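Breakdown of the fold
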Amino acid sequence: MWEYSEKVQEHFFSPRNAGAVKEANATGEVGSLSCGDALRLTLKVDPATETILDAGFQTFGCGSAIASSSALTEIIKGLTLDQALKVSNQDIADYLDGLPPEKMHCSVMGREALQAAVANYRGEVWTDDHEEGAMVCKCFAVDAKLIENTIRANGLNTVEEVVNYTKAGGGCSACHEGVEEILTRVLSEAGKSFAPTAGTTPLPVQAGRPRLTTVERIRRIEAVLDSVRPTLQRDHGDVELVDVDGRQVYVKMRGACAGCQMAAVTLEGIQEQMIEALGEFVRVIPAEARPHTQEPDRACA
Amino acid sequence: MTATAQGIYFDNNATTMVAPEVVEAMLPYFSEQFGNPSSIHQFGNRVGQAIKQARVQVQTLLGAEHDSEIVFTSCGTESDSTAILSALKVQPERREIITTAVEHPAVLALCEQLEKDGYTVHYLPVDGRGRLDLDAYGRLLSERVAIVSVMWANNETGTLFPVERMAEMARAAGVLFHTDAVQAVGKVPIDLKHTAIDMLSLSGHKLHAPKGIGVLYLRRNTRFRPLLRGGHQERGRRAGTENSAAIIALGQACAMALDHMEHEQTAVRALRDRLEQGLLAAVPNCFVTGDPDARLPNTANIAFEYIEGEAILLLLNKLGIAASSGSACTSGSLEPSHVMRAMGIPYTAAHGTIRFSLSRYNSAEEVERVIEVVPPIVAQLRKLSPYWGVDGPVEEPEKAFAPAYA
Ligand SMILES: Cc1ncc(COP(=O)(O)O)c(C=O)c1O
Ligand code: FES
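Values in this document were obtained by computation on a predicted structure and should not be read as measured data. (Residues numbered from 1 in each chain as written. Chains lettered and ligands numbered in written order. Predicted model: local features only at pLDDT ≥ 70, side-chain atom pairs only at ≥ 80, totals over all residues. Heavy atoms only, no water.)

In terms of helices and strands, chain B carries 15 helices and 13 strands. Relative to the 2.2 N^0.38 estimate, which gives 22 Å for 406 residues, the radius of gyration of chain B is 22 Å and therefore close to what a compact globule would have. When its C-alpha atoms are laid out on the principal axes, chain B stretches across 75 × 50 × 35 Å. Per-residue burial over chain B gives 59% buried out of 406 residues. When contacts within chain B are restricted to residue pairs at least 6 apart in sequence, long-range pairs at least 24 apart make up 72% of them. Summing over all exposed atoms, chain B offers an accessible surface of approximately 16000 Å²; the carbon and sulfur share of this is 52%. Put simply, chain B has 37 plus and 46 minus side-chain charges, and the middle of one group is 6 Å from the middle of the other. (Helix = DSSP H or I, 4+ residues; strand = E, 2+ residues; numbered from the N terminus. Rg over C-alpha atoms; globule rule 2.2 N^0.38 Å. Buried < 20%, exposed > 50% of the residue type's maximum accessible area, 1.4 Å probe, protein only. Contact = heavy atoms within 4.5 Å. Areas by Shrake-Rupley, 256 points an atom, 1.4 Å probe, with all protein chains shown as cover. Lys, Arg positive; Asp, Glu negative; His and termini not counted. Charge placed at Lys NZ, Arg CZ, Asp CG, Glu CD.)

How large an interface is tends to be reported as the accessible area lost when its parts come together. Residues and elements named next belong to chain A. Each domain of chain A was delimited in the assignment, giving domain 1 (6–121), domain 2 (135–198) and domain 3 (214–300). Counting from both sides, the interface comprises 8 residues of domain 2 and, opposite them, 8 residues of domain 3. Our count for the domain 2 to domain 3 interface comes out at 0 salt bridges. Taken together, domain 2 and domain 3 are joined by 0 residue pairs in polar contact (both at pLDDT 80 or more). Partitioning the side of domain 2 that touches domain 3 into residue classes produces 4 nonpolar, 4 polar and no charged. (Domains from an automatic or database assignment. Salt bridge = Lys/Arg side-chain N within 4 Å of Asp/Glu carboxyl O. Polar contact = N/O pair within 3.5 Å; in protein donor to acceptor, adjacent residues only side chain to side chain. Nonpolar A, V, L, I, M, F, W, Y, C, P; charged D, E, K, R; others polar.)

Looking now at the site of ligand 1. Residue and element names in this part refer to chain B. Neighbouring ligand 1 are 13 residues, the closest being Thr77, Asp180, Gln183, Ser203 and Lys206. His104 places a side-chain nitrogen or oxygen 3.1 Å from an oxygen atom of ligand 1. In this structure, Ser203 approaches ligand 1 through a side-chain N or O atom, which is 2.5 Å from an oxygen atom. Surface burial for ligand 1 is 87%, taken as the share of its 390 Å² of free accessible area covered by protein chains. Class assignment of the residues belonging to the shell around ligand 1 gives a composition of 3 nonpolar, 7 polar and 3 charged. (Near = heavy atom within 4 Å.)

Our next topic: the environment of Cys137 of chain A. All names here are of chain A. Residue position: Cys137 is located in strand E4 (residues 135–137). Between the C-alpha atoms of Cys137 and Ser188, which are 51 residues apart in sequence, the distance is 22 Å. Apart from residues lying up to four places away in sequence, Cys137 is in contact with Val142, Ala168, Gly169 and Cys175.

Let us now look at the packing of helix H4 (residues 76–90) of chain B against helix H5 (residues 105–116) of chain B. All names here are of chain B. Where H4 meets H5, the closest approach of the two axes is 9 Å, and the angle between their N-to-C directions is 35 degrees. Read as a crossing pair, H4 and H5 show a hand that is right-handed. Here Thr77, Asp80, Ser81, Ile84, Leu85 and Leu88 of H4 lie close against H5, whose contacting residues are Ala106, Val107, Leu110 and Leu114. When the residues that make up the contact of H4 with H5 are grouped by side-chain class, the tally is 7 nonpolar, 2 polar and 1 charged. (Axes fitted to C-alpha atoms, helices over the stretch in contact; angles between N-to-C directions. Left-handed = near helix turned anticlockwise from the far one by under 90°.)

This paragraph deals with the sheet that holds strand E9 (residues 286–288) of chain B. Residue and element names in this part refer to chain B. Overall, antiparallel pairing links the 4 strands, which are arranged E9-E10-E13-E12 in an open sheet. In this open sheet, the two edge strands, each paired with only one partner strand, are E9 and strand E12 (324–325). Where strand E10 (residues 299–304) lies against strand E13 (residues 353–357), 5 bridges are found, and the strand directions are antiparallel. Its bridge partner lying in E13, Ile302 is registered against Ile354. Along the sheet, helix H9 (residues 261–282) makes contact with E9, E10 and E13, crossing E10 at roughly 10 degrees. (Pairing = 2+ DSSP bridges.)

A few words now on a nonpolar patch on the surface. Taken together, the side chains of Val23, Leu27 and Phe30 of chain B present a nonpolar region at the surface, about 280 Å² in accessible area. Among the structural elements, Leu27 of chain B can be located in the loop between helix H2 (20–26) and helix H3 (42–62). (Patch = residues over 30% accessible without salt bridge, like charges linked within 9 Å, V, L, I, M, F, W, Y side chains within 5 Å.)

Written as structure tokens, this is what we have:
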């Protein structure tokens, strides 16, 4: 079972302020039934001072959800609404001497119930901006949604970058498979493919190897494409070089290869061969993903 | 084992106590009988003899035709993976798998991975009582299917699937059939030689043997490719020096399971039935999940509506009672058990499911004690629940309490 602190256990076994407050003038209801937690917070607020005179909770949830609810009501009693709104979910967790990473969402729920109740008191509409995904990194309690959003917002490409932006994966590294899966999915939506070797750790380039001229680079790239072409043509497909922009090599898959499930796999294979042939890291990307591109065939028209 | 000294253990589908006789049987193989069974000298030879006997004991419990059909592995999960991956390996042209939506993760997680590798997996749905539609299953069988993998008994609800019938259907269609019988072996009679089952997985720790020992039953002449290659152990079908002490323990446990089969079917079943009836009578708004007409004799899974399972377990644990739950919170996932969802159990009930799983080491007193303490625990938690009124659920609970982002 979970490693709950003494404090969590104590608040679970003898919850404070359970039940609805009589003569409540503020109610906040939040939760996620699918994740098994839901909380109704009722407050009695002194209209003159906006002080919380009494607070009560009703919770459908696990041990830490009940303990977090109990802690929340204890913390906010006697505070003004503005003071109460400053209570963070970390404050709730700290009050309980910590929560297991998988259970941090229980404390988030407490804070949100509070915001909802205050909004209700003030006649405002509270909207939830909180999305929750499955826990990916247990070392740092980071869920899939946060990782996904961070990848999108910052255009991340590698596990290392995800570690730097979200902390996810920065501990025991057991969650790297999960992080790679999210990267693969998000990158493929943008037409890119996830390259495990890409990014901040550059491939060792043989010392003393002269830099290739642009012409030589393109020749070698074409040579790699020529070498895979017969295989693709056997499957009634083809590949064509569209553009080379620094380390990005844009290619167009044609015929049976375009949109074929194996396209991504094929591109990865081509990429590996190109890295080998060029002695430097390049990324092979479908032309469709080229920023502001026009169809090459129509470009001159 | 008394209720007060040790607590009440009603979580035997999770794992079981190693039977004292089993411990006794295995102990010498740590000390004086430490030899490698492959060795020529006397140290190894005696161990080899003992393993041979254990193999026959497993064969007898399973009703297998030959003792060479028993392959020792490290656990149920390894057996499941070995069976499914072997079937794919020997029939590379077959790219489909049939399984069910309610399998153990040992099968489901593997199938999900195989989907990523390009295989098509058909997950047979279940109805509200956890039953399969055999006609729908029959329609999926084709020469594109490499293997059918269907559990014999469900670990959460105890529901039994008609695997013997399903294996015959598979055989008629020329498709390999594997069953994860981890929960069934030792609890229901099995006679493999009279079935069309090609492969079967079992796990020692579910039948009073230690953890970390399993078996893959592999019908003679079934095409096979090992998961682990290396030495010639298990006739080259599972390389790695034998876990001799655990194998001998499993043999002993299988012999005892056979001796107690009648007891399991009568006495243990009676305890389970009493527990279930007692709880249903004493607690309002609860119901049994799964198929009461086709169920393991030891398992009762009860949904207590409007409260959450982990909270129930914590309160039970405080009284020294061990059970388990299908709630999201106990697993650390965000969803309640996939088995409950597959049966269409509403969330407010799925989160409050508690599985009581008994064994021959449980007593009638323990059952009475649980019947006595559960109702107040449920009442106490319902008092905290926003879905519960004074002495019943609030009117139209799902509407009366509809939290933001539910
Ligand atoms: C139905 C089923 N299959 C497989 C397993 C896994 O067995 P093991 O823990 O030996 O790998 C279990 C046990 O949790 C189970 O209940
Ligand atoms: S689980 Fe993510 S680093 Fe450990």
